[in-house]
Amino acid sequence: MPPEDEHRVEVHIDALLAARGMTLTELADRVGITLANLSVLKNGRARAVRFSTLTALCEALDCQPGDLFTVRKEQ
């Protein structure tokens, strides 16, 4: 396992927000988490994501978990 700082998970919140004309602040309000915590997740610095948060994100963005995250292939 690579160190946590070297993960290859990409987060696509920015693209989903843009496609829906939604702001990060609006998403944070809908999901019920702080703007700071949502920003940590959006920037790929989160160490974990609760299933309840993932569910709320998917409901607010009308998407599936695979729309939010992908894993980059090793180079």
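Everything below is about the structure printed above this text.
Each value, and the rule that gives it
Residues numbered from 1 in each chain as written. Predicted model: local features only at pLDDT ≥ 70, side-chain atom pairs only at ≥ 80, totals over all residues. Heavy atoms only, no water. Helix = DSSP H or I, 4+ residues; strand = E, 2+ residues; numbered from the N terminus. Buried < 20%, exposed > 50% of the residue type's maximum accessible area, 1.4 Å probe, protein only. Arc of directions from axis to C-beta. Contact = heavy atoms within 4.5 Å. Salt bridge = Lys/Arg side-chain N within 4 Å of Asp/Glu carboxyl O.

(A) Examining the environment of Ser 52 more closely. Its location among the elements puts Ser 52 in helix α4 (residues 51-61). Along the backbone, Ser 52 and Val 31 are 21 residues apart, and their C-alpha atoms lie at a distance of 9.4 Å.

(B) Fine view of helix α1 (residues 13-20). Within the sequence span of α1, burial applies to Ile 13, Leu 16 and Leu 17. The buried residues of α1 occupy an angular sector of 100° when the element is viewed end-on, so they sit on one face. Of the exposed residues in α1, the ones pointing more than 90 degrees away from its buried face are Ala 18 and Ala 19. Looking at the buried side of α1, the elements it contacts are β1 (9-11), α2 (24-31), α3 (35-42), α4 and α5 (65-68). Immediately downstream of α1, the backbone of Gly 21 shows phi near 60°, a positive value.

(C) Seen up close, the pattern of salt bridges. Using the criterion set out here, one finds three salt bridges in the structure. Measuring nitrogen to oxygen at the nearest pair gives 3.5 Å for the salt bridge that ties Glu 10 to Arg 72. Taken together, the positions of Glu 10 in strand β1 and Arg 72 in the segment after β2 (69-71) put the pair 62 residues apart, joining distant regions of the chain. Relative accessible area serves as the criterion here: at 29%, Glu 10 is assigned to the partly exposed category. Ionic pairing is found between Lys 42 and Asp 14, a salt bridge with its closest N-O pair at 3.5 Å. With Lys 42 in helix α3 and Asp 14 in helix α1, the pair connects residues that are 28 residues apart, well separated along the chain. For Lys 42, a relative accessible area of 18% translates into the label buried. Residue classification places Asp 14 among the partly exposed residues on the basis of a relative accessible area of 45%.

So yeah, pure geometry; function would need other evidence.
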